[in-house]
Structures are given as structure tokens and as C-alpha cells.
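# Chain and residue survey
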Amino acid sequence: MKKLLFVLLLAFAGTGVFAQVKPNSSGPVYANGDSYGYYVDEQPGAISYDWSVQGNTNATIYPAWDTAIDIIFSNAGFEDVICTVTTATTSYPLYAYVEVFAAP
């Protein structure tokens, strides 16, 4: 039982660290030509925010402002939305994992 609780704790802790890029709206994401907004909270000491995507949805990023973007997904699939935050001393990534569904 202790092992199960430990595994669950790690799963929730890992999810919290991984899902730091946030969607502007809730609900499913479709590959239908609509844009979907994503953002990160301002990070202390940040000099720049560099956005990218990695996956199989043929996503196109449209910058909104430093801490936010819009994305149009062309294909159903999975995508990592990544924001690399650069400070004076280091860089670190923030992530969101997005499942994109075929247009209804």
C-alpha cells in the first residue's frame, strides 16, 4: 500500500512540474482551423520566452506576447507545447502535453 501511495504521489508531482504551460480555455482541442491560446505565468527574472511545439499535428504558432501564443493544429495527434524561459543565469523549459482531435 505504501508503494502505491508513493507511486501516485510521484505521478501527481510529475504532472504538476510538466504542465506549466496553460491553455486559455478548457475542453477538447480540434484540428479544424481554430486557434487555441496557451500561456505561462510570468517567471521571476525572465529575459525571454521562446515558444516551440513538438509532435505530429503540423501546428503553427502565432505569437501573442512574450508569455502567450495562439496555435492552429492542422492534424489530429499529440503535441508538446514548450516555452523555454531564459534568465540571466539559466534557461529552463515549461511544458504542456496536448491531445488534438479530428474536426467533428
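Coordinates for the structure precede this section.
Before going into details, it helps to say that this report is about the structure given with it. (Residues numbered from 1 in each chain as written. Predicted model: local features only at pLDDT ≥ 70, side-chain atom pairs only at ≥ 80, totals over all residues. Heavy atoms only, no water.)

Moving on: the overall build of the protein chain. In terms of regular secondary structure, the protein chain is built from one helix and eight strands. Start at the N end of the protein chain and walk to the C end: the helices and strands fall as α-β-β-β-β-β-β-β-β. Taking all 104 residues of the protein chain together, the buried fraction comes to 26%. Pairs at least 24 residues apart make up 52% of the contacts formed inside the protein chain by residues separated by at least 6 positions. A total accessible area of about 6,600 Å² is found for the protein chain, and carbon and sulfur atoms account for 60% of it. (Helix = DSSP H or I, 4+ residues; strand = E, 2+ residues; numbered from the N terminus. Buried < 20%, exposed > 50% of the residue type's maximum accessible area, 1.4 Å probe, protein only. Contact = heavy atoms within 4.5 Å. Areas by Shrake-Rupley, 256 points an atom, 1.4 Å probe, with all protein chains shown as cover.)

Enumeration over the complete set of coordinates arrives at three aromatic pairs. On the numbers, 6.3 Å between centres and 55° between planes, the contact of Tyr30 with Phe101 is tilted. Of the two residues, Tyr30 sits in strand E2 (residues 29–31) while Phe101 sits in strand E8 (residues 91–102), which places them 71 residues apart along the sequence. A relative accessible area of 24% means that Tyr30 is categorised as partly exposed. For the ring pair Tyr36 and Phe73, a centre distance of 6.3 Å and an interplane angle of 45° mean the geometry is tilted. Residue Tyr36 is found in strand E3 (residues 35–39), and its partner Phe73 is found in the loop between strand E6 (68–72) and strand E7 (77–87); the two are separated by 37 residues along the sequence. The exposure classification of Tyr36 matches that of Phe73, with both residues buried. (Phe/Tyr/Trp six-rings, centres within 6.5 Å; stacked < 30°, edge-to-face > 60°.)

Turning our attention to the sheet that holds E6. The four strands are arranged E1-E3-E6-E5 in an open sheet whose pairing can be described as antiparallel. Each edge of the open sheet carries a strand with a single partner, namely strand E1 (22–23) and strand E5 (60–65). Sheet analysis places E1 next to E3, joined by two bridges and oriented antiparallel. If you follow Lys22 over to E3, its bridge partner there is Tyr39. (Pairing = 2+ DSSP bridges.)

To continue, consider the side chain of Thr67. Looking at the secondary structure, you find Thr67 in the loop between E5 and E6. We classify Thr67 as buried; its relative accessible area is 11%. A distance of 3.0 Å separates the side chain of Thr67 from the side chain of Trp65, its partner in a polar contact. When neighbours within four sequence positions are excluded, Thr67 is seen to be in contact with Tyr38, Tyr39, Val40, Glu42, Tyr49 and Trp51. (Polar contact = N/O pair within 3.5 Å; in protein donor to acceptor, adjacent residues only side chain to side chain.)

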